[in-house]
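Per-entry structural report
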Amino acid sequence: MIGLIAATAAGRRAAAELAAAWPGRTTAYDGPVADAVRAAFAECEQLVCFLATGATVRLVAPLLAGKAADPGVVCVDEGRRFAVALLGGHGGGANALAGEVAGVLGGQPVVTTATDATGVPGLDTLGLPVEGAVAAVSRAILDGSPVRLAADRPYPLPALPPCVRADAPADAPVLRISDTVAAPGGSPAAVLRPASLVVGVGASRGVPAEEVYDLVMAALTDAGLSAASVAQLSTVDAKADEAGILAAARRLGVPVVTHPAEVLAAVEVPNPSAAPLAAVGTPSVAEAAALTDAPGGELLVPKRRSSPGGRAAMCTVAVARRAVRGRLALVGLGPGARDLLTPRARAELRRASVVVGLDQYVDQIRDLLRPGTRVEESGLGAEEERARSAVRLARAGLAVALIGSGDAGVYAMASPALAEAGDDIDVVGVPGVTAALAAAALLGAPLGHDHVSISLSDLHTPWEVIERRVRAAAEADLVVTFYNPRSRGRHWQLPKALDLLAAHRTPDTPVGVAHGVSRPDEWHTVTTLAALDVATVDMTTVVTVGNTATRRVGGRMVTPRGYRWQQ
């Protein structure tokens, strides 16, 4: 919850705008400002104070408990010019909140965190718990000093700055990425903890929480593994409500995941037993559950029992390490203009350590990439090679962004990439503004009813197939948007497609032509099927042909939706 504190009428008006923009996310604190700040600081994850920064500092200073516990605080000035991230930039989310507040109120976010100001990812923003000498290693990264990267496996992290490398001098500060516990060295070290460990738990009814927790911790400690890398406790469905397991998981700060006995029974394990088979229907709970939730991984700690004094053991645990799963983001860049690149696409470009794409598309977004981002670019005609490369890099455990214009799933790179990818990588689709939609916005509302997009390029699709689709669209009276309509080597396909449509449309059917949409050479016009000059059309043009209901209104194309009140 975001607490809103204001002292003036202008501040209260701005707070009301935030509350209206974010229903359910905010609560306003009234009364004396000092009391309101104290209450919000104790009850909310974040605060927006419509106060001077100096006043806010004096009010929150006595309340500060520590970087990990304090909420994020943003200050907004009386004129709404600035949203200042005052406290908890990363951990409290104040930096991101300042951007959101500025977006709603029309101001400018002010972020002074060194990593954000320089474009260097903060160690606490990489999506993994971090511990150790975080300040010292962060300072070295900001200074551009060598930092030795010691990762036990590749992980799908954002790009790290070039100064962070595996071959840095032995005495350089260290950035470790590992689920193991290492002896302290001579150099300061910060450690990122991936959520790579699954602890399988078997237990008798009524097992004490302390017995479960102690056994988990002993198993991890003896194997040299970090509890911060435990992703979950896994067990059989019959133990879904076992209070001791649930309490131990809460203490560890992880969820409990359960599986049917028949699923666990199908898992081959090194130490099956008759006791769980008789009790819950599977010869293994701890080992089988750990391996089930670590597909492709390895069993690090075989089943071990608790050893309470004076009675029989009531708990077993096993630990498995998950295989690293790379990340492939399929990112649509939109039609070209920077303001039509979605915030989610921007975030994914910053999230990637490798960007793969057509050279001209890479040039569009190169300035948005983090320092140290690896770029693999190639020219026209290398689509399959780019798709295979992106999947291969993701399978190596990296965070990859495969980029394309418009939407990645529309005549772009998503389909060849997903044809190569299996279920061994994580795939994220990032929608983009397509050429058809961007052109339609210029032309009016040509897509107001059923419509279809057809590419006229016969480089990958036989013309016979394309012609059959155009005929079907003509007979079905669909609005048609033609992609790739005409090039120097393909000049006859568009006239042929228009002739096919003309057999089912009148000569005065509206046709929209949009060239270079959102780019410096953009132009568009609305003409008719009979008057269209195909010589004005090239590969950077979208042609939209209306259906029999489409008409011109005020120089724009309109395809009625068919609302009864319009009839």
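This text gives an overview of the structure that appears in the document. (Residues numbered from 1 in each chain as written. Predicted model: local features only at pLDDT ≥ 70, side-chain atom pairs only at ≥ 80, totals over all residues. Heavy atoms only, no water.)

**Quick notes on the pattern of salt bridges**
This model, assessed by the stated rule, comprises 25 salt bridges. Put simply, Arg81 and Asp77 hold a salt bridge, and the shortest N to O gap is 3.2 Å. We note a salt bridge from Asp424 to Arg395, for which the minimum N-O separation is 3.1 Å. Here the residue Asp424 occupies a position in the loop between helix H15 (414–420) and strand E21 (426–430), and Arg395 occupies one in helix H14 (residues 383–395), the gap between them amounting to 29 residues. Given a relative accessible area of 36%, Asp424 falls into the partly exposed group. Taking the relative accessible area as the measure of exposure, Arg395 reaches 41% and is therefore partly exposed. Beyond isolated ion pairs, a larger network of salt bridges with shared partners links Asp179, Glu298 and Arg321. (Salt bridge = Lys/Arg side-chain N within 4 Å of Asp/Glu carboxyl O. Helix = DSSP H or I, 4+ residues; strand = E, 2+ residues; numbered from the N terminus. Buried < 20%, exposed > 50% of the residue type's maximum accessible area, 1.4 Å probe, protein only.)

**Re the sheet that holds strand E2 (residues 26–29)**
Ordered in space as E2-E1-E3-E4-E5-E6, the 6 strands form an open sheet in which the pairing is mixed. Looking along the sheet, the strands with just one partner apiece sit at the ends: E2 and strand E6 (108–110). Each strand of the sheet is rotated relative to its neighbour by a mean of 25 degrees, with strand direction disregarded. Pairing of strand E1 (residues 2–6) with strand E3 (residues 46–50), which is carried by 5 bridges, proceeds in the parallel orientation. Each bridged residue has a counterpart across the sheet, and for Gly3 the counterpart in E3 is Leu47. (Pairing = 2+ DSSP bridges. Axes fitted to C-alpha atoms, helices over the stretch in contact; angles between N-to-C directions.)

**Re the packing of aromatic side chains**
If you walk through the whole model with that rule in mind, you get 2 aromatic pairs. A ring pair is formed by Tyr411 and Tyr483, whose centres lie 4.6 Å apart and whose planes are at 50 degrees; its orientation type is tilted. In this pair, Tyr411 sits in the loop between strand E20 (399–404) and H15 while Tyr483 sits in strand E24 (residues 479–483), placing the two residues 72 residues apart along the sequence. Tyr411 sits in the partly exposed class, given a relative accessible area of 44%. (Phe/Tyr/Trp six-rings, centres within 6.5 Å; stacked < 30°, edge-to-face > 60°.)

**Describing the sheet that holds strand E29 (residues 556–558)**
Spatially, E22-E29-E28 is the arrangement adopted by the 3 strands of the open sheet, whose pairing is mixed. Here the strands that pair on one side only, and so sit at the sheet edges, are strand E22 (444–445) and strand E28 (551–553). Relative to E29, E28 is paired through 3 bridges, and the arrangement is antiparallel. By the bridge assignment for E29, Val553 is matched with Arg556.

**Regarding unusual backbone geometry**
The phi dihedral of Arg80 is positive, around 60 degrees, even though this residue is not glycine. Along the chain, the position of Arg80 falls in the loop between strand E4 (72–76) and strand E5 (82–87). Classification of Arg80 as partly exposed rests on a relative accessible area of 22%.

**What to know about the pairing of strand E18 (residues 354–358)**
Among the 5 residues of E18, 5 are classified as buried, and the element is accordingly described as predominantly covered. In this structure, E18 lies alongside strand E19 (residues 374–378), joined through 5 bridges in parallel fashion. Bridge pairing in E19 places Val356 opposite Glu376. Handedness of the E18-helix H13 (residues 359–365)-E19 crossover: right-handed. Relative to E20, E18 is paired through 3 bridges, and the arrangement is parallel. Paired with Val356 across the bridge in E20 is Leu402. (Right-handed = clockwise from strand over helix to strand, strands pointing away.)

**Let's talk about the layout of surface pockets**
The calculated volume of the largest pocket comes to roughly 1,600 Å³. If you trace the largest pocket, you find 44 residues lining it, with Tyr361, Ser405, Tyr411, Asn484 and Met539 closest to the centre. Residue assignment for the lining of the largest pocket shows that the elements contributing at least two residues are H13, H14, E20, H15, strand E23 (451–455), helix H17 (463–475) and strand E27 (541–545). Among the residues making up the lining of the largest pocket, the classes are represented as 18 nonpolar, 19 polar and 7 charged. (1 Å grid on protein atoms, 1.4 Å probe; cavity = no way out; pocket = protein on both sides within 12 Å on 5 of 7 lines; lining within 4 Å. Points joined across faces, edges and corners; volume = space filled by probe spheres on them. Nonpolar A, V, L, I, M, F, W, Y, C, P; charged D, E, K, R; others polar.)

**A closer look at the nonpolar core**
If you look at the biggest cluster of nonpolar residues, it comprises 24 residues, and the most contacted ones within it are Val199, Val201, Val212, Leu233, Val317 and Val319. Ranked by residues supplied to this core, first place goes to helix H7 (residues 209–222) with 6 residues. If we ignore the near neighbours within four places in the chain, the residues touching Val319 are Leu197, Val198, Val199, Ala219, Leu220, Leu225, Glu298, Leu299, Leu300 and Val301. Counting 21 residues, the second-largest nonpolar core is a separate cluster that includes Ile454, Ala474, Val513 and Leu529. (Core = buried A, V, L, I, M, F, W, Y, C linked by side-chain atoms within 4.5 Å. Contact = heavy atoms within 4.5 Å.)

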